[in-house]
Amino acid sequence: MRFIVTLVVLAGLGYSGLYMYYDASLSRAVEARLDGVGLGDVTVSAVDFSPLAPLVTEAEISAEVAYGGLDASVRLHVQGHPLFTDELALDLSGLKALRLGIGGGS
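These remarks concern the structure in this document. Every chain is numbered independently, its residues counted from 1 as its sequence is written. Given that this is a predicted model, residues contribute local features only at a pLDDT of at least 70 and side-chain atom pairs are listed and counted only at 80 or more, while totals for whole chains, interfaces and linings are drawn from all residues. Note: side-chain values were computed over all heavy atoms of the structure, leaving out hydrogens and water.

1. What about the sheet that holds strand S1 (residues 43–49)?
Strand pairing requires that DSSP identify at least two bridges connecting the strands. Comment: elements are numbered from the N terminus, with helices defined as DSSP H or I runs of at least four residues and strands as E runs of at least two. Strand order in this open sheet of four strands is S1-S2-S3-S4, and the pairing throughout is antiparallel. Only two strands of the sheet have a single neighbouring strand rather than two, namely S1 and strand S4 (89–100). Recorded for the sheet is a direction-independent mean angle of 25° between the axes of neighbouring strands. Direction of pairing for S1 relative to strand S2 (residues 58–67): antiparallel, over a ladder of six bridges. Bridging across to S2, Asp48 finds its partner in Ser62. Angles run from 0 to 180 degrees between N-to-C directions of axes, and those axes are lines fitted to C-alpha atoms, restricted for helices to the stretch in contact.

2. Concerning the pairing of strand S3 (residues 70–79)
In this sheet, S3 lies alongside S2 in antiparallel orientation, the contact comprising 10 bridges. Each bridged residue has a counterpart across the sheet, and for Ala63 the counterpart in S3 is Val74.

3. Overview of the packing of aromatic side chains
Each aromatic ring pair is described using two quantities: the centre-to-centre distance and the angle formed by the ring planes. Two rings from Phe, Tyr or Trp (for Trp, the six-membered ring) form a pair when their centres are within 6.5 Å of each other. A pair whose planes differ by under 30 degrees is stacked, one over 60 is edge-to-face, and the rest are tilted. Tallying each qualifying case throughout the model produces three aromatic pairs. Measuring from centroid to centroid gives 5.0 Å for Tyr19 and Phe49, while their planes differ by 50°, and the two rings are tilted. Of this pair, Tyr19 sits in helix H1 (residues 2–37) while Phe49 sits in strand S1, placing them 30 residues apart in sequence. On the accessibility criterion, Tyr19 (31% relative accessible area) is partly exposed. On the basis of an interplanar angle of 80° and a centroid distance of 4.9 Å, the ring pair of Tyr22 and Phe49 is categorised as edge-to-face. Note that Tyr22 is positioned in helix H1 and Phe49 in strand S1, a separation of 27 residues in sequence. A single burial state applies to Tyr22 and to Phe49, both of which are buried. Each member of the aromatic cluster is reached from another via a ring pair, and the members are Tyr15, Tyr19, Tyr22 and Phe49. When a residue's accessible area, from a 1.4 Å probe over protein chains only, is under 20% of the maximum for its type it is buried; when over 50% it is exposed; and in between it is partly exposed.

So far we have only geometry, and geometry alone does not tell us how the molecule works.
If you want it as structure tokens, here you go:
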């Protein structure tokens, strides 16, 4: 029983590390992809993907991005994996939401 618990704990630790690496790699890749489109000042505030996305080489993700006073949610199709494959391709699938901040916020 102790062996099974140890295996489950080690698998959980390994998956959580893979999940965090996948999240950080996708954030950098989304910024690079949007920079390639001409939006160099874009910052990625969050990347959302399914819990199984770090285990597959093709996934649909959404990213919350900010550019000046605009906030947007964009959908992207990921082909490849930052850890398992040599090439990572991001295709912009669409714009989910666009929010414009007007006024003097602090």
